[in-house]
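One-letter residues, chain by chain:
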Amino acid sequence: MSDAVPSWWQTAVVYQVYIRSFADGNSDGIGDLQGMRARLPYLAQLGVDAIWINPWYPSPMADAGYDVADYRGIEPSYGTLDEAHTLISEAHTLGIRVLLDIVPNHTSDEHVWFRAAVADEPGARQRYHFRAGRGAEGALPPNNWQSVFGGPAWTQVADGDWYLHLFAPGQPDLNWDHDDVRGEFEEILAFWFDRGIDGFRIDVAHGLVKEAGLPDMAEGATATQPLVVERSGHPAWDQDGVHEVYRGWRSVADRYSPGRVFIAEAWVSSNERLARYLRPDELHTAFQFDFLRSPWRADVLRSVIDDAIGAAASVGAPPTWVLSNHDVTRTVTRFARSQPRHLVETDWERGRWVHEDPDHALGRRRARAAALMQLALPGTAYVYQGEELALEEVEDLPDEMRQDPTWAQSGFTDVGRDGCRIPLPWKATSPPYGFASDDNAVTWLPQPTHWAEHSVEAQDRDPDSTLNLYRCALRLRRSLWRDAGDLTWLEVAPDVAAFERGGAQCWVNTGDTDVTLPVASVVLSSTRGIDRVLPPDTAVWLRSTGSLK
Ligand code: BGC
């Protein structure tokens, strides 16, 4: 980062609103714009700078809205375009910026372009990847690519051709070598920028461009998770040609004043590869997912933080910090079991841990400490809805309730991501916990019966709750850390990650013994009553006595 006053997006705390599960205004059991509007004051009180809203466009919901049928509309069960306008302006009035989610790698199979392609209208198939099959009578898929959700990445249409879908069959991949595709998306960006949107999170930003000829993936690259296959040289991911797309997008964003911003979701093999998306004429920021893949171990956290800061600095971008999102196991549960020694390769590894009972109280202590660490770091921080309530992953959903396409596509072996997408508890009652105003509403995923104590209402009145910890941390972050500059590690003990920025310190104890703190005042601690000793699984913010403004 330069010495100039940072732009908002270089230091922001962004709250991720998973709209289906945030708040339900019409009591149909599905979150919506009306519900979100009613809860904007909650977000303002929490103290976030911006929200990122998961896809809100019309969708048949083959993948919870990541299958977009119309990029210029609003899903009818969520509301209307007029309501979206109102929401954007209400958020702005409260000082909250609004980021949308753009899904450019694929459309829905109900998108007008794909319908035309299936009908084989002239030229329509060229906007997607349609191919003849291999083998006798083309009965085999055109190549050996696997869908991220499981099974082949190809589906056959009635006349025998196959189309590519790196995700669900209802998410056909677009052909980004086609001019129509490039032109259309630049217009979609402008459509929303003209409506006051401050920026976009880009879904699967590393997937748009495929290697010419769609060659087989290398022998051995059989895993389906993007990170794993990319590392072994998969022709679908992180191709150099994708960068030209983002240079075009940047020029659209820069036409606006203030300029609009992008955050890439790019699961690539190294920080160096990630930094390529952040060159000055490309995207502004990108999620650095190693932080959410890190076990609760000071040494690993420390090296992840160093790598992320170094890579972002090499291209003048701010680092980003994510502890969880709608695709991964909730932080509380991730930290509630024995911790691996190294970065986990994929969240899909969650299956390995479920045989050990989770200790949620332990997970909560660590998640609270991790939040203080995250919010003390330089750059931008993302908070996934429910993280501020320390919700755990719901791991015992009845199989018949599961909605994530991963469940069926994996042949019912991977439970998928529903467990981190449970509707939020707002009131300390019983399901639906004020998620919908009608107490009889049936939520689209069932909520646990023990969530009253984790509800906003219950936490609001408890000074030691995680909600109040977040509120306090976000307020203090502005004065203590937001503009504090570079980070210097303090050499304390192998199990302690401690750093200083601008006269304040953050100490995190991931070990199993107490650690003596220096003489300083404790500004905030993840557990009440920390003074001279930092117990295991806790964190503190300190400043030298007398230095607080
Ligand atoms: C989104 C997922 C989605 C996938 C396909 C992702 O990375 O975050 O929720 O299933 O893209 O669009």
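Residues numbered from 1 in each chain as written. Predicted model: local features only at pLDDT ≥ 70, side-chain atom pairs only at ≥ 80, totals over all residues. Heavy atoms only, no water.

(A) Expanded view of the overall build of the chain. A tally of helices and strands in the chain yields 17 helices and 18 strands. Radius of gyration (C-alpha) of the chain: 23 Å, near the 24 Å computed for a compact globule of 549 residues. Here the C-alpha coordinates of the chain stretch approximately 75 × 55 × 50 Å along the principal axes. Counting all 549 residues of the chain, 61% fall into the buried class. Within the chain, contacts between residues separated by at least 24 positions form 68% of all contacts whose residues are at least 6 apart in sequence. For the chain, the exposed area adds up to about 20400 Å²; of that, 49% sits on carbon and sulfur atoms. Of the side chains in the chain, 50 bear a positive and 80 a negative charge, and the two mean positions are spaced by 5 Å. (Helix = DSSP H or I, 4+ residues; strand = E, 2+ residues; numbered from the N terminus. Rg over C-alpha atoms; globule rule 2.2 N^0.38 Å. Buried < 20%, exposed > 50% of the residue type's maximum accessible area, 1.4 Å probe, protein only. Contact = heavy atoms within 4.5 Å. Areas by Shrake-Rupley, 256 points an atom, 1.4 Å probe, with all protein chains shown as cover. Lys, Arg positive; Asp, Glu negative; His and termini not counted. Charge placed at Lys NZ, Arg CZ, Asp CG, Glu CD.)

(B) Examining unusual backbone geometry more closely. Residue serine 257 is joined to proline 258 through a cis peptide bond whose omega torsion reads -5°. On the secondary structure map, proline 258 appears in the loop between helix H8 (242–253) and strand S8 (261–264). A cis amide bond links proline 431 with the next residue in sequence, proline 432, at an omega value of 10°. Its location among the elements puts proline 432 in the loop between helix H15 (405–409) and helix H16 (456–460). For leucine 214, which is not glycine, the phi torsion reads 45° and is therefore positive. Inspection of the secondary structure assignment puts leucine 214 in the loop between strand S7 (199–202) and helix H7 (226–231). Exposure remark for leucine 214: the relative accessible area of 8% places this residue in the buried category. With phi around 65°, phenylalanine 412 is a residue other than glycine that occupies positive phi space.

(C) The arrangement of the sheet that holds strand S5 (residues 154–156) in detail. An order of S4-S6-S5 is seen for the 3 strands of this open sheet, with the pairing classed as antiparallel. Each end of this open sheet is capped by a strand with a single partner; those strands are strand S4 (130–131) and S5. Summarising the sheet, S5 and strand S6 (residues 162–164) pair through 3 bridges and their orientation is antiparallel. Paired with glutamine 156 across the bridge in S6 is tryptophan 162. (Pairing = 2+ DSSP bridges.)

(D) Representation of the nonpolar core in the model. Core analysis: the biggest nonpolar cluster contains 151 residues, and Tyr15, Leu43, Trp56 and Trp541 have the highest contact counts within it. The leading source of residues in this core is helix H6 (residues 179–193), at 8 residues. For leucine 43, the residues in contact, after removing those within four places along its chain, are Tyr15, Val17, Phe22, Val48, Ile51 and Ile96. In terms of nonpolar packing, the next biggest core, distinct from the first, is built from 15 residues, Val148, Trp162, Leu164 and Leu214 among them. (Core = buried A, V, L, I, M, F, W, Y, C linked by side-chain atoms within 4.5 Å.)

(E) A look at the site of the ligand. Near the ligand lie 14 residues; those nearest to it are Asp63, Asp203, Glu265, His326 and Asp327. The side chain of arginine 201 places a nitrogen or oxygen atom 2.9 Å from an oxygen atom of the ligand. Note that an oxygen atom of the ligand is positioned 2.5 Å from one of the side-chain N or O atoms of aspartate 327. The fraction of the free accessible surface of the ligand (310 Å²) that becomes covered by protein chains is 96%. In the shell around the ligand, the residues fall into 4 nonpolar, 3 polar and 7 charged. (Near = heavy atom within 4 Å. Polar contact = N/O pair within 3.5 Å; in protein donor to acceptor, adjacent residues only side chain to side chain. Nonpolar A, V, L, I, M, F, W, Y, C, P; charged D, E, K, R; others polar.)

(F) The packing of H6 against H8, seen in detail. Two elements in contact, H6 and H8, have axes whose closest approach is 10 Å; the angle formed by their N-to-C orientations is 30°. Between H6 and H8, the angle is such that the two are roughly parallel. The two elements H6 and H8 cross, and the hand of that crossing is right-handed. Touching Arg182, Phe185, Glu186, Leu189, Ala190 and Phe193 of H6 are Glu244, Val245, Gly248, Trp249, Val252 and Ala253, all from H8. Here the residues of the contact of H6 with H8 sort into 8 nonpolar, 1 polar and 3 charged. (Axes fitted to C-alpha atoms, helices over the stretch in contact; angles between N-to-C directions. Parallel < 35°, antiparallel > 145°, perpendicular 65-115°, else oblique. Left-handed = near helix turned anticlockwise from the far one by under 90°.)

(G) A look at the pattern of salt bridges. Within the structure shown, the criterion is met by 35 salt bridges. Note that arginine 182 is salt-bridged to glutamate 244, the shortest N-O span being 3.8 Å. You can see arginine 182 sitting in helix H6 and its partner glutamate 244 sitting in helix H8, a full 62 residues away along the chain. A salt bridge links arginine 421 to aspartate 327; the shortest N-O distance between them is 3.1 Å. In this pair, arginine 421 is assigned in the loop between H15 and H16 and aspartate 327 in the loop between strand S10 (320–322) and helix H12 (331–334), connecting sequence segments 94 residues apart. Here arginine 421 and aspartate 327 have matching classes, each one buried. Shared partners join several salt bridges into a network, and the residues in it are Asp63, Asp327, Asp404, Arg417 and Arg421. (Salt bridge = Lys/Arg side-chain N within 4 Å of Asp/Glu carboxyl O.)

(H) Inspection of the environment of serine 338 at higher detail. Inspection of the secondary structure puts serine 338 in the loop between H12 and helix H13 (350–353). Note: C-alpha distance between serine 338 and arginine 297 (41 residues apart in sequence) is 11 Å. A polar contact is formed between the side chain of serine 338 and the side chain of glutamate 356, at a distance of 2.6 Å.

(I) Fine view of helix H14 (residues 360–376). With 17 residues, H14 extends 24 Å between its outermost C-alpha atoms, agreeing within 8% with the 24 Å of an ideal straight helix rising 1.5 Å per residue. With 14 of its 17 residues buried, H14 lies for the most part within the structure. Looking at where H14 begins, the residue whose side-chain oxygen comes 3.3 Å from the main-chain nitrogen of alanine 361 is aspartate 359. (Expected span 1.5 Å × (residues − 1).)

(J) Expanded view of the state of the cysteines. A complete count under the given rule lists 0 disulfides for this structure. In this model cysteine 472 remains outside any disulfide bridge; the closest cysteine sulfur is found in cysteine 506, 14 Å from its own. (Disulfide = S-S within 2.5 Å.)

(K) Representation of the sheet that holds strand S12 (residues 488–490). Spatial strand order, S12-S13-S14-S18-S16: 5 strands in an open sheet with antiparallel pairing. Every interior strand has two partners, whereas the edge strands, S12 and strand S16 (521–525), have only one. For this sheet, the mean inter-axis angle between neighbouring strands, taken without regard to orientation, is 25°. The sheet contact formed by S16 and strand S18 (residues 538–543) spans 4 bridges and is antiparallel. In the strand pairing of S18, valine 522 is matched with leucine 542. Against the sheet, helix H11 (residues 298–314) makes contact with S12 and strand S13 (496–501), and its axis sits at roughly 165° relative to S12, the strand it touches most.

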